[in-house]
Amino acid sequence: MSPGPTTAPVLPAAPTEPGGPRRRLSRWLLLPVAAGAVALGTTVALATNGDLPGRPAPTVTDAASEGAGLGPAAPGARPTPGGNEGFGSSPRAASPSPGVSGGTESGGFPGGRNTLPGASIHLQSGESFAAGLARSDRSYGPLRMVRVFYPGLPPAWSGSRADAADRTVVVSFKAPPGEVAAGRHDSRLAAWFRSVPHNLDVYWSYFHEPEDDIARGSYTAAQYRAAWQRLAGLADRAGNARLRATLILMCWTLNPSSHRTFEDYWPGGDAIDVLGWDCYNSGGKFNRYTDPAQVFTPMIAKSKALGKPWGLAETGSVRISGDSGTGRAGWIRAMSRYLDDQRPLWVAYYDYQVAGGDFRLTDTPSRDAWRAWCAAS
């Protein structure tokens, strides 16, 4: 079965943005986010750190020595984050949860939606990526975009997970920022950019969720920004208008309680095409479902302020204690309705179990709620 529409909408002209126009003048231009002011509020969105279950996090650092590791180049299991990584601390009380009755609401969707619904692919024991993707397609869709993680440098496109997805992908990779900025991996990364096909939209992200790594001293914010600038130049020279440089940060970073500054991670509008965000139901740790507007408003406002299209690279919720699934289904439907009005480029459900919680949609009401939004058009 075809995965459905995979291309992002295009416009004849790009929006003007702070920090100068994007270098890639020949690229397909992305649909800007819907016009209109969004009030900036405080969010307490959860965000898992950028490693999947299965093994300790790969060593990716510029602080250690010349022997800083790159992690495996080929696809691999994404290591498990620690229980507190990326989740922030002491979030304020959430707004009232959607009632259990919300799980039974049908949730209509306006026509003409351009957002691509998708997911990250949680592989079961012994399952290949292709088999896991086919299972997710049967459960939810088919999915119209897929989130792909590489713990080190990306492998050649042919035969990789991103290639197997065969649709719009948001794909991230890692390498020590000091090494990238110094050009040590130019040849390999330039070859990877050239290997990406021209018939798919590929939102590539370098070192998603860098905030915790910078805070613990693995590398500096200046190294991270410099690496992005160099990578953007390599991607531009590949001559592929459907390569979109996508900065992925935690929504928690926009919360004043995080004591973080967005500009530390922002390499400039000339290097970035799209903003990606990892935002979760912040009330999960406190046995409640948070109003989606509270979770998502700050990152939407920030994206609009920068004049950048945006998407959700990870989102989801644990199922709170005592909920059979109808409560979480209500939250998913409320989230879906809210996001449908905001017109993100794509929304990927984080269908994983990690040390911080089980986000998998294993109960029927939750699974049906996400399937309903994936099927809407």
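Rules used throughout
Residues numbered from 1 in each chain as written. Predicted model: local features only at pLDDT ≥ 70, side-chain atom pairs only at ≥ 80, totals over all residues. Heavy atoms only, no water. pLDDT = per-residue confidence, 0-100. Contact = heavy atoms within 4.5 Å. Phe/Tyr/Trp six-rings, centres within 6.5 Å; stacked < 30°, edge-to-face > 60°. Lys NZ or Arg CZ within 6 Å of the ring centre and 35° of its normal. Salt bridge = Lys/Arg side-chain N within 4 Å of Asp/Glu carboxyl O. Helix = DSSP H or I, 4+ residues; strand = E, 2+ residues; numbered from the N terminus. Buried < 20%, exposed > 50% of the residue type's maximum accessible area, 1.4 Å probe, protein only. Pairing = 2+ DSSP bridges. Axes fitted to C-alpha atoms, helices over the stretch in contact; angles between N-to-C directions. Core = buried A, V, L, I, M, F, W, Y, C linked by side-chain atoms within 4.5 Å. Disulfide = S-S within 2.5 Å. Expected span 1.5 Å × (residues − 1). Bend = angle between axes of the 7 residues up to and from the residue. Polar contact = N/O pair within 3.5 Å; in protein donor to acceptor, adjacent residues only side chain to side chain. Right-handed = clockwise from strand over helix to strand, strands pointing away. Lys, Arg positive; Asp, Glu negative; His and termini not counted.

Trainee: A description of the confidence of the model for the chain should follow, citing residues and the corresponding values.
Mentor: Parts of the model with low pLDDT should not have their predicted coordinates read in detail. Per-residue pLDDT for the chain averages 77, and the proportion of residues at 70 or more is 70%. Taken as a whole, residues 1-21 scores under 50 in pLDDT and shows 50 contacts with residues more than four places along the chain or in a different chain. Every residue in residues 24-59 scores below 50 in pLDDT, and together they form 156 contacts with partners more than four places removed in sequence or on other chains.

Trainee: An account of the packing of aromatic side chains is requested, with residue identities and associated values reported.
Mentor: Taken as a whole, this structure holds 22 aromatic pairs when the rule is applied. Members of the aromatic cluster, each reached through a chain of ring pairs, are W157, F173, W192, F193, W204, Y206, F207, Y219, Y224 and W228. Across from the ring centre of F149, 4.0 Å away, lies the NZ or CZ of R147, which sits over that ring.

Trainee: Tell me about the pattern of salt bridges, and please be specific about residues and values.
Mentor: Under the counting rule described, the total for this entry stands at 14 salt bridges. One salt bridge connects D368 with R371, and the closest N-O pair in it is separated by 2.5 Å. Of this pair, D368 and R371 both sit in helix α9 (residues 364-375), separated by three residues, roughly a single helical turn. According to the relative accessible area criterion, D368 is partly exposed, its value standing at 30%. When its relative accessible area of 30% is taken as the criterion, R371 is described as partly exposed.

Trainee: Give me the sheet that holds strand β8 (residues 346-349): which residues, what numbers.
Mentor: With respect to topology, eight strands assemble into a closed barrel ordered β1-β2-β3-β4-β5-β6-β7-β8, the strand pairing being parallel. Direction aside, the axes of adjacent strands within the sheet are offset by 25° on average. One ladder, built from six bridges, connects strand β6 (residues 274-280) with strand β7 (residues 310-316); its direction is parallel. Bridging from a neighbouring strand, W277 pairs with L312 of β7. Here helix α4 (residues 186-195) sits on the sheet and contacts β3 (168-173), β4 (202-206) and β5 (243-250); the angle it forms with β3, its principal contact strand, is near 175°.

Trainee: Please give an account of the nonpolar core that cites residues and values.
Mentor: Of all hydrophobic cores here, the largest spans 81 residues; its most connected members are W204, Y206, W277, F296 and W370. A per-element tally of this core places helix α6 (residues 221-237) first, with eight residues. Beyond its immediate sequence surroundings of up to four residues, F296 is in contact with C279, L312, T315, M335, Y338 and L339. L116, M145, V170 and V274 belong to the second-largest nonpolar core, a separate cluster that totals ten residues.

Trainee: Explain the state of the cysteines residue by residue, including any values.
Mentor: Per the counting criterion, the structure on display carries one disulfide. The disulfide that involves C251 links it to C279, with 1.6 Å between the sulfurs. Of this pair, C251 sits in the loop between β5 and β6 while C279 sits in strand β6, and the two are 28 residues apart along the sequence.

Trainee: Pulling in residues and values, what's your account of helix α1 (residues 129-140)?
Mentor: When the terminal C-alpha atoms of α1 are compared, their 16 Å separation across twelve residues agrees well with the 16 Å that a helix rising 1.5 Å per residue should span. Along α1, the residues that are buried comprise F129, G132, L133, R135, S136, D137, S139 and Y140. Each element contacted by the buried residues of α1 is listed here: β2 (145-149), α2 (161-165) and α9.

Trainee: Explain helix α7 (residues 292-305) to me, and be specific about the residues and the numbers.
Mentor: Under the 1.5 Å per step criterion, the end-to-end length of α7 is 20 Å for 14 residues, consistent within 8% with the ideal 20 Å. Considering bend angle alone, the principal kink of α7 is centred on P298 and spans about 25°. For α7, a buried count of eleven out of 14 residues is recorded, marking the element as mostly surrounded by other parts of the structure. For α7, every residue scored as buried is listed here: P292, Q294, V295, F296, T297, P298, M299, I300, A301, S303 and K304. At its buried positions, α7 is contacted by β6, β7 and α8 (326-342). Between the side-chain oxygen of the N-cap and the backbone nitrogen of A293 there are 3.1 Å, and the N-cap of α7 in question is D291. Backbone geometry just after α7 places G307 at a positive phi near 70°.

Trainee: Got a sec to walk through the environment of M250? Specific residues and values, please.
Mentor: Along the chain, the position of M250 falls in strand β5. When the C-alpha atoms of M250 and A313 are compared, they prove to be 9.8 Å apart, with 63 residues separating the residues in sequence.

Trainee: Now, about the pairing of β2: what can you tell me, with residues and values included?
Mentor: Across the five residues of β2, five count as buried, placing the element largely inside the fold. Neither face of β2 is open: one carries M145, R147 and F149, the other V146 and V148, and all of them are buried. Where strand β1 (residues 116-120) lies against β2, three bridges are found, and the strand directions are parallel. Of the residues in β2, the one forming a bridge with G118 is M145. As a crossover connection, the stretch from β1 through α1 into β2 is right-handed. With five bridges joining them, β2 and β3 adopt parallel strand pairing. What sits directly across from F149, in β3, is S172.

Trainee: Would you mind going over the side chain of N240 in detail, with residue names and values included?
Mentor: For N240, the location among the structural elements is in the loop between α6 and β5. There is a polar contact of 3.0 Å between the side chain of N240 and the backbone nitrogen of R242.

Trainee: A description of the side chain of R147 should follow, citing residues and the corresponding values.
Mentor: Counting through the fold element by element, R147 comes out in strand β2. Put simply, R147 is tucked away with no salt bridge, and the nearest opposite charge, on E314, sits 4.7 Å away. Among the polar contacts listed, one links the side chain of R147 to the backbone oxygen of V170, at a separation of 3.2 Å. Within polar-contact distance, the side chain of R147 engages the side chain of S172 at 3.1 Å. Apart from residues lying up to four places away in sequence, R147 is in contact with A119, S120, I121, V170, V171, S172, H208, I248, A313 and A348.

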